[in-house]
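Chain and residue survey
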Amino acid sequence: MRQTLSRTLLRKIYISRAINRDCSRKLDNTVITIDDAAKQVLIADTSTNYQSKLFSKKWIIKGDSISDIQYLTGIKKYYEYISEDTGIIVDAYGGAGSGYAREKTNKDSTKVTNGIFHEGIEELPDKCDIFTLFGGTNDWKCDNVNYPLGNIGDTGLTTITGFIKQCFENVRSKYANGDTLITVFTPLPRAECYPLIDKSGEVTTKPHGYTLGELSYRIMELSELYNFKCLDLYHLARCYCYNDVFRQKYMYDTVHYNSKGNELFAKDIKGFLESLF
């Protein structure tokens, strides 16, 4: 009960910060919030002093439709749950259909979300506490991207490995001189994938000659090479989308998760990020 009250207060503070940036970072007995009518001052007990390690940190996300706030607008995104629960400030740049080697499906005027991942990195904000790359599923599945996975030593834009390396180089170049923590998430499982079997390489779903699990392992290998912190959502997230019952409860389709599904894997992401501080 005490923890629930404190999280409620954190949500109010986060909303206030989004509108009034000089809101205090310190939890005390006075909480400034916003309602539909006007700003109000609420007096509440914050004696539990619950505060996430992510509170007030700025988090930039570069991703695909899973992170695109304009895609499937009726679905609450994973980072919205995390921001409400922790007070982290999120700046998401999701482009539906995009990936390390694939452009956004329906382009608009925003270069940072239109292109393949390594394009537009220079246009992202210069300052953040956490930067995350989250994608790869469109590179694995989509018909108009037909690059082999390649070898770990590949360079150049002729293999998926080369595309990922180019993206990592651009991100490192942009944020290497600051205090930004660079993180990478592997793709989430899809309905046609079986992560537990995928570990042994027995899956036959290989649209372009490699499994989604093999792509996830390559992302993990390259993250280690570049000293980026990597979360293996493909194998470790509590997402059993190959199961009919799970899909009915947690998924919008065979790829995208509904609000409950987003809330589910948000817990894994939140725990990972908090563990880094």
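Description of the structure in this document. (Residues numbered from 1 in each chain as written. Predicted model: local features only at pLDDT ≥ 70, side-chain atom pairs only at ≥ 80, totals over all residues. Heavy atoms only, no water.)

A few words now on the pattern of salt bridges. What the rule picks out here adds up to nine salt bridges. Across the salt bridge formed by D85 and K270, the nearest N and O atoms sit 2.5 Å from each other. Of this pair, D85 sits in helix α2 (residues 78–86) while K270 sits in helix α10 (residues 259–275); the two residues are 185 residues apart in sequence, bridging distant segments of the chain. Of the residues examined, D85 reaches a relative accessible area of 12% and is grouped as buried. The partner of R238 in a salt bridge is D268, with the nearest N and O atoms 3.4 Å apart. Highlighted residues: R238 in the loop between α8 (233–236) and α9 (244–250) and D268 in helix α10, separated in sequence by 30 residues. Each of K141, R190 and E192 takes part in one network of salt bridges that share partners. (Salt bridge = Lys/Arg side-chain N within 4 Å of Asp/Glu carboxyl O. Helix = DSSP H or I, 4+ residues; strand = E, 2+ residues; numbered from the N terminus. Buried < 20%, exposed > 50% of the residue type's maximum accessible area, 1.4 Å probe, protein only.)

What follows covers the sheet that holds strand β7 (residues 229–231). Strand pairing in a sheet takes place through backbone hydrogen bonds and is either antiparallel or parallel in direction. Strand order in the open sheet made by the five strands is β4-β3-β5-β6-β7, with parallel pairing throughout. Across the chains shown, the open sheet's two edge strands, defined by having one partner strand only, are β4 (89–94) and β7. Sheet twist, expressed as the mean angle between neighbouring strand axes with direction ignored, is 20 degrees. One ladder, built from six bridges, connects strand β3 (residues 58–63) with β4; its direction is parallel. Across the sheet, the residue bridging to K58 is I89, located in β4. α2 rests against β3, β4 and β5 (130–134) of the sheet, and its axis sits at about 175 degrees to β3. (Pairing = 2+ DSSP bridges. Axes fitted to C-alpha atoms, helices over the stretch in contact; angles between N-to-C directions. Contact = heavy atoms within 4.5 Å.)

Soluble, globular proteins show a tendency: their nonpolar side chains are buried together. By size, the foremost hydrophobic cluster in this structure holds 32 residues, and its most contacted members are Y100, F131, L133, F168 and L215. Elements represented by at least two residues in this core include exactly β5, α5 (160–175), β6 (181–185) and α7 (212–225). In terms of residue count, the dominant contributor to this core is α5 (seven residues). Residues in contact with L133, not counting those within four places in the same chain, are K62, Y100, F117, C167, F168, V171, T183, V184 and F185. In terms of nonpolar packing, the next biggest core, distinct from the first, is built from 28 residues, I66, A237, F246 and F272 among them. (Core = buried A, V, L, I, M, F, W, Y, C linked by side-chain atoms within 4.5 Å.)

Nothing here speaks to function; it is geometry throughout.
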